[in-house]
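Tertiary structure, described
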Amino acid sequence: MKTNPREDLAVQRRLSLSRRRFLKGLGACLALPAFESAHPLGLLAADPAAKATAPLRMAFVYFPNGAIPSNWTPDGEGAEFKLNRTMQPLAKVKHRIQVLSGLDHVNATPGPDGAGDHARASGTFLTGVRVKKTAGGDIHAGVSIDQVAANQIGHLTRFPSLELTCDSVRKSGNCDSGYSCAYQYNLAWRSPNVPVAPEPNPRLLFERLFGAGSPGERNQNLKRRQAQQRSILDFVLDDARSLQRQLSARDQEKLDEYLVSVREIEKRIEKAERFGDAPDPARETPSGIPTGFEDYIQIMYDMMIIAFQTDSTRIATFLLANEGSNRPFPEIGIAEGHHFLTHHRGQEDMINKVAEIDLFYMKQFARFLEKMDQTEDVDGKSLLHNSMIVYGSGNSDGNRHTHVDLPIILAGSGGGTLTTGRYVKLGSKPATNLFLSMVDRLGLKGLDRFGDSTGRIAAI
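Owing to the predicted nature of the structure, the values given are computational and were not obtained by experimental measurement.

Nonpolar side chains in soluble globular proteins tend to end up buried together. In terms of nonpolar packing, the biggest core is built from 59 residues, with Leu-90, Tyr-301, Tyr-361, Phe-365, Ile-389 and Tyr-391 touching the most fellow members. Residues in contact with Ile-389, not counting those within four places in the same chain, are Ala-59, Val-61, Phe-308, Phe-365, Phe-368, Met-372, Leu-384, Ile-409, Leu-410 and Ala-411. Counting 37 residues, the second largest nonpolar core, distinct from the first, contains Ala-121, Leu-126, Val-148 and Ile-408.

Quick look at helix α14 (residues 431-442) now. Spanning 12 residues, α14 covers 18 Å between terminal C-alpha atoms, matching the ideal 16 Å at 1.5 Å per step. In terms of burial, α14 is largely enclosed, as 10 of its 12 residues are buried. Among the residues of α14, those classed as buried are Ala-431, Thr-432, Asn-433, Leu-434, Phe-435, Leu-436, Ser-437, Met-438, Val-439 and Leu-442. One or two positions beyond α14, positive phi appears at Gly-443, with a value near 90 degrees.

On to unusual backbone geometry. In this structure, Asn-65 takes a positive phi of about 70 degrees despite not being glycine. Secondary-structure assignment places Asn-65 in the loop between β1 (57-62) and α4 (69-72). Of note in the backbone geometry, His-401 takes a positive phi value of approximately 55 degrees without being a glycine. Checked against the element boundaries, His-401 lands in the loop between β9 (387-392) and β10 (408-411).

A polar contact is formed between the side chain of His-401 and the side chain of His-118, at a distance of 3.1 Å. In contact with His-401, other than residues within four places in its own chain, are Asp-117, His-118, His-339, His-343 and Asn-395.

The next subject is the pattern of salt bridges. Tallied over the full model, the rule gives 13 salt bridges. Of the charged contacts, one joins Asp-138 and Lys-132 as a salt bridge, the two residues approaching to 2.8 Å between their closest N and O atoms. Given a relative accessible area of 37%, Asp-138 falls into the partly exposed group. Sharing partners across several salt bridges, the network here consists of Asp-302, Arg-367 and Lys-371.

Turning to the sheet that holds β10, a few remarks are in order. The mixed open sheet is built from seven strands, whose spatial order is β3-β8-β1-β9-β10-β2-β11. Whereas interior strands pair on both sides, the edge strands pair on one side only; in this sheet they are β3 (162-165) and β11 (422-430). The mean angle between the axes of side-by-side strands here comes to 20 degrees, regardless of whether they run parallel or antiparallel. Packing of helix α13 (residues 348-374) onto the sheet brings it into contact with β2 (97-104), β9 and β10, and relative to β9 it is tilted by some 175 degrees.

This part takes up the packing of helix α6 (residues 145-153) against α14. Taken N-terminus to C-terminus, the directions of α6 and α14 make an angle of 15 degrees; their axes are 11 Å apart at the nearest point. As far as their axial angle goes, α14 and α6 are roughly parallel. Classified by chirality, the crossing of α14 by α6 is right-handed. From α6, Ile-145, Ala-149 and Ile-153 reach across to α14, where they touch Phe-435, Val-439 and Leu-442. For the contact of α6 with α14, the residue count by class is six nonpolar, no polar and no charged.

Bringing the pairing of strand β8 (residues 315-319) into the picture now. In terms of burial, β8 is largely enclosed, as five of its five residues are buried. Of the two faces of β8, the one lined by Ile-315, Thr-317 and Leu-319 and the one lined by Ala-316 and Phe-318 are each fully buried. Where β1 lies against β8, five bridges are found, and the strand directions are parallel. Within β8, the position partnered with Ala-59 by the bridge is Ala-316. Relative to β8, β3 runs parallel, the two sharing four bridges.

A few words now on the packing of aromatic side chains. Under the counting rule described, the total for this entry stands at 18 aromatic pairs. With centroids separated by 5.9 Å and ring planes inclined at 65 degrees, the aromatic side chains of Phe-293 and Phe-329 adopt a geometry described as edge-to-face. Here Phe-293 is found in helix α11 (residues 293-309), whereas its partner Phe-329 is found in the loop between β8 and α12 (338-342), with 36 residues between them in sequence. The same class applies to Phe-293 as to Phe-329, namely buried. Chaining the aromatic ring pairs together yields one cluster made of Phe-63, Trp-72, Tyr-301, Phe-318, Phe-365, Phe-368 and Tyr-391. Sitting over the face of the ring of Phe-81, Lys-94 holds its NZ or CZ atom 4.6 Å from the ring centroid. Over the ring of Phe-293 we find Arg-327, and its NZ or CZ is 3.6 Å from the ring centre.

Rules and cut-offs
- Within each chain, residues carry numbers counting from 1 in the order of the written sequence.
- Totals for whole chains, interfaces and linings use all residues, but because this is a predicted model, local features are given only for residues with pLDDT of at least 70 and pairs of side-chain atoms are given and counted only at 80 or more.
- Just so you know, side-chain values use all the structure's heavy atoms and leave hydrogens and water out.
- Only buried Ala, Val, Leu, Ile, Met, Phe, Trp, Tyr and Cys residues count toward a nonpolar core, and they belong to the same one when joined by side-chain atoms within 4.5 Å.
- The cut-offs for exposure are 20% and 50% of the maximum accessible area for each residue type, with area from a 1.4 Å probe on protein chains only; residues under the lower value are buried, those over the upper are exposed, and the others partly exposed.
- Here, residues are in contact when the closest pair of their heavy atoms is within 4.5 Å.
- A helix here means a DSSP run of H or I that spans at least four residues, while a strand means a run of E at least two residues long, and both kinds are numbered starting from the N terminus.
- For a helix, the expected span equals 1.5 Å multiplied by the number of residues minus one.
- Polar contacts here mean pairs of N or O atoms no more than 3.5 Å apart (in protein, one a potential hydrogen donor and the other a potential acceptor; neighbouring residues in sequence count only if both atoms are side-chain atoms).
- Each salt bridge in this description consists of a side-chain nitrogen of Lys or Arg and a carboxyl oxygen of Asp or Glu lying within 4 Å of one another.
- For two strands to count as paired, DSSP must find a minimum of two bridges between them.
- As a rule, the C-alpha atoms of each element are fitted with a line to give its axis, helices using only the stretch in contact, and angles between N-to-C directions run from 0 to 180 degrees.
- When describing relative orientation, an angle under 35 degrees is termed roughly parallel and one over 145 degrees roughly antiparallel, while 65 to 115 degrees is termed roughly perpendicular and anything else oblique.
- For any pair of crossing helices, the crossing counts as left-handed if the nearer helix is rotated counterclockwise from the farther one by less than a right angle, and right-handed if it is rotated clockwise.
- Only Asp, Glu, Lys and Arg are considered charged in this grouping, and only Ala, Val, Leu, Ile, Met, Phe, Trp, Tyr, Cys and Pro are considered nonpolar; every other residue, Gly among them, is considered polar.
- Only Phe, Tyr and Trp rings take part, Trp by its six-membered ring, and two of them pair if their centres are within 6.5 Å. Stacked means planes under 30 degrees apart, edge-to-face means over 60, and tilted covers everything else.
- Charge-over-ring contacts are defined here by two conditions on Lys NZ or Arg CZ: a distance within 6 Å of the ring centre and an angle within 35 degrees of the ring normal.

Pasting the structure below:
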């Protein structure tokens, strides 16, 4: 028997509704997958006159547990460098990358906080600050560099930024020696106490970008869904107004927080309407999370490429696995957990297995860069030419939990502003200096310092 959704909602509104039930219900409404995804379409597609100049993209890809330094560090220097074992998969795009040594995150070192290097490594990676040691609700990091950029240029695209992961999504709990899981499972931070949860499901990510259904029907599906969501938001706001006078001061604060989120969703819907119809890629929607980790990583990289190609966003973060991940790698014959193996204590067989895992991750990154380099941008150059992609980890040597001389690669030409095809020894500088130099190229204004920065890096 069919029911009328409006009549059902009207009946529910007349029911006696406790504070707890209302707030729980409101949270469920807000958990509906990504209202902002209604019509992602790039500025370039909306404005043909803008096609003469391609936009610049920026992304950060994080791999966990550091790398075996002896297999990572190239031989030689400058343009004459030779790829070491771990970087061999990058041979075809060697001319498109810079290997950077000497970048540090001193705020990830133990200092007075003791154990917890994995949480600090990822929590500090894009913020440059010392995260607060807590496993409770009083987490505190800093605004991440991707979100600083999104706050200034995110209005140019349907999505200010995209956050991806091939791991679980966690915002609470004790994960590392008294540090909250929020630090290990999130790279992006909207504010010091609010991480931006990444999307782990490629199907949901694709539908956020382009809508549900088969090619040719996605726009209409998005419009219907958008109308339904507007209707739900209207009822939520009506209920909120009727309850406000009955709530305690504490519950009113909770309600105000939810209403801020509701209004943000309204703004996203309005923004989607301003951009018009979304692009509709001539490809089928992914079926979900692949069973194989290699396929999983590759499809998420592909999602990032198509998001950049359609100018749905210009800023992305991709957490391959949480810092401290103990995932085994049966696809390459390794049954032991990654984190366990990194504490090798000099045992050759364990070192070799970690090196194989490092190589596995690098192969996926190399495939991604090759596809970026083969994808033509609106100016006739490649997506990789018009991008800045950081590949790195907040741990250097996973066996010793070091956070200086981090393993970092900067790929892409930054629209012609970066000098690629070389190995650059920077001495010892905060990694945040690199981030400042990158966002300068995006045109960000008023950012004199970031995290523990001490200046810019001219030699990139």
